Amino acid sequence: YKRQCMQNGLKTRENGKPHFEERFAPSLPAIEGNRGQMQLALHHLLQNAVEANTDPEAKITVATEAVDDAVKIHIQDSGCGIPEEIRDRIFDPFFTTKKVQKRAGLGLMLVLGVVKNHGGEIDVLSETGKGTTVTLTLPIKQKQAPSIQ
């Protein structure tokens with residue numbers, strides 16, 4: 001999906017394209033769900049990772065793994081990290097650290113909604129000045145079909 005994101009216009013930081021490292025698990029099972037919603041959620045996470053990386057040597061790692069009856073997707077950046085004093089607000093609607101004209105502050109709220117809609121969980125680990133890792137844990141089988149909201 002990362003390659004598709006880049007080809008379809010994922011904005012890159014001003015100093016060039018980020019370096020992506022892929023660590024995809026072999027024979028990863030497909031998860032049930034709404035493909036469009038998942039693509040949008042991953043796009044938002046990758047866009048945030050790109051924007052957090054201002055160092056030309058910075059990288060973004062996308063990794064997957066199968067754990068029990070779920071798939072985990074890890075998106076790790078070596079960017080600026082999320083300051084501790086705002087971490088509990090990052091999923092709030094209209095909360096943004098970007099210039100007001102640049103973003104509406106709905107991206108991470110959308111990501112959380114998509115993950116919950118698929119019966120999954122999201123975990124964010126961040127250290128200011130060192131980067132952030134966002135992990136999506138998504139069940140392979142859905143208890144009920146994701147809604148199309």
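Just so it is clear, the model here is predicted, and its values are computed rather than measured.

J.: Quick question: what am I supposed to make of helix α2 (residues 35–52) here?
T.: Residues three or four positions apart in an α-helix share a direction because the helix packs 3.6 residues into each turn. Spanning 18 residues, α2 covers 26 Å between terminal C-alpha atoms, matching the ideal 26 Å at 1.5 Å per step. Of all the positions in α2, only Gln37, Met38, Ala41, Leu42, Leu45, Leu46, Gln47, Ala49, Val50, Glu51 and Ala52 are classed as buried. The residue sitting at the N-terminus of α2 and contributing the capping side-chain oxygen is Asn34; that oxygen lies 3.1 Å from the backbone nitrogen of Gly36.

J.: Explain the nonpolar core to me, please; I cannot follow it from the model alone.
T.: Looking at soluble globular proteins, one finds that nonpolar side chains tend to be buried together. In terms of nonpolar packing, the biggest core is built from 26 residues, with Leu45, Ile60, Ile73, Ile75, Val111 and Leu136 touching the most fellow members. When contributions to this core are tallied by element, the ones reaching two or more residues are α2, β2 (59–67), β3 (70–77), α3 (107–117) and β5 (131–139). It is α2 that contributes the most residues to this core, seven residues altogether. Residues within four places of Ile60 in sequence aside, it is in contact with Pro18, His19, Phe20, Glu21, Leu46, Ala49, Val50, Asn53, Ile75, Gln76 and Asp77.

J.: Would you mind going over the sheet that holds β2 with me for this structure?
T.: Through backbone hydrogen bonds, the strands of a sheet pair up, either in parallel or in antiparallel fashion. An order of β1-β2-β3-β5-β4 is seen for the five strands of this open sheet, with the pairing classed as mixed. Edge positions in the sheet fall to β1 (19–23) and β4 (121–127), since each of these pairs with one other strand and no more. Across the sheet, the axes of successive neighbouring strands diverge by a mean angle of 15°, strand direction being ignored. Strand direction decides the pairing type here: β3 and β5, joined by eight bridges, are antiparallel.

J.: Whenever I open this one, the pattern of salt bridges confuses me. Can you help?
T.: Working definition: two side chains of opposite charge can pair if their charged atoms are close together. Enumeration according to the criterion identifies four salt bridges in this entry. Of the charged contacts, one joins Arg23 and Glu21 as a salt bridge, the two residues approaching to 2.8 Å between their closest N and O atoms. Through salt bridges with shared partners, a single network forms among Glu21, Arg23 and Lys59.

J.: Is there a simple way to explain the pairing of β1 in this structure?
T.: Taken residue by residue, a regular strand's side chains alternate between the two faces of the sheet. With five bridges connecting them, β1 and β2 associate as parallel partners. When the bridges of β2 are listed, Glu21 appears paired with Thr61. Assessed by its sense of winding, the connection that carries the chain from β1 through α2 to β2 is left-handed.

J.: Which parts of the structure should I look at to understand the environment of Gln76?
T.: As for its placement among the helices and strands, Gln76 is situated in strand β3. The exposure class assigned to Gln76 is partly exposed, which follows from its relative accessible area of 37%. Linking Gln76 and Val124, residues 48 residues apart in sequence, is a C-alpha distance of 9.8 Å. Excluding residues within four positions of it along the chain, Gln76 makes contact with Lys59, Ile60, Thr61, Thr132 and Thr133.

J.: What's the story with the side chain of Thr135 in this structure? I'm lost.
T.: Along the chain, the position of Thr135 falls in strand β5. Residue class for Thr135 comes out buried when judged on its relative accessible area of 10%. Discounting residues that sit within four places of it in the chain, Thr135 has contacts with Lys72, Ile73, His74, Glu121, Ile122 and Asp123.

J.: Just to check I follow, could you spell out α3 for this structure?
T.: When α3 is considered as a whole, its buried residues turn out to be Gly107, Leu108, Val111, Val114 and Val115. Axial view of α3: buried residues confined to an arc of 120°, hence all on one face. Along its buried surface, α3 packs onto α2, β4 and β5. Backbone geometry just downstream of α3 places Gly119 in the positive-phi region, at approximately 75°.

Definitions and limits used
For every chain, the first residue of its written sequence is number 1, and the numbers climb from 1 along that sequence. The model is predicted, so local features are restricted to residues of pLDDT at least 70 and side-chain atom pairs to those at 80 or more, both for listing and for counting; the totals for chains, interfaces and linings are taken over all residues. Calculation of side-chain values draws on the structure's entire complement of heavy atoms; hydrogens and water are dropped beforehand. By the criteria applied, helices consist of DSSP H or I runs no shorter than four residues and strands consist of E runs no shorter than two, each listed in order from the N terminus. Helix span, expected: 1.5 Å multiplied by one less than the number of residues in the helix. Any residue under 20% of the maximum accessible area for its type is buried, any over 50% is exposed, and the rest in between are partly exposed; the area is computed with a 1.4 Å probe on protein chains only. Side-chain atoms alone can form a polar contact between residues adjacent in sequence; in general such a contact is a pair of N or O atoms within 3.5 Å, and within protein one must be able to donate a hydrogen while the other accepts it. By nonpolar core is meant a set of buried Ala, Val, Leu, Ile, Met, Phe, Trp, Tyr and Cys residues that side-chain atoms within 4.5 Å join together. Note on definitions: a residue-residue contact is assigned when non-hydrogen atoms from the two residues lie within 4.5 Å. Pairing between strands is defined by DSSP: at least two bridges between the two strands are required. Between N-to-C directions, angles cover 0 to 180 degrees, with each direction set by a line fitted to C-alpha atoms, over the stretch in contact for helices. The salt bridge definition used is simple: a Lys or Arg side-chain nitrogen within 4 Å of an Asp or Glu carboxyl oxygen. Every crossover in which the path from the first strand over the helix to the second runs clockwise, viewed with the strands pointing away from the viewer, is termed right-handed. Summarising the geometry, the arc corresponds to the directions from the helix axis toward the C-beta atoms.

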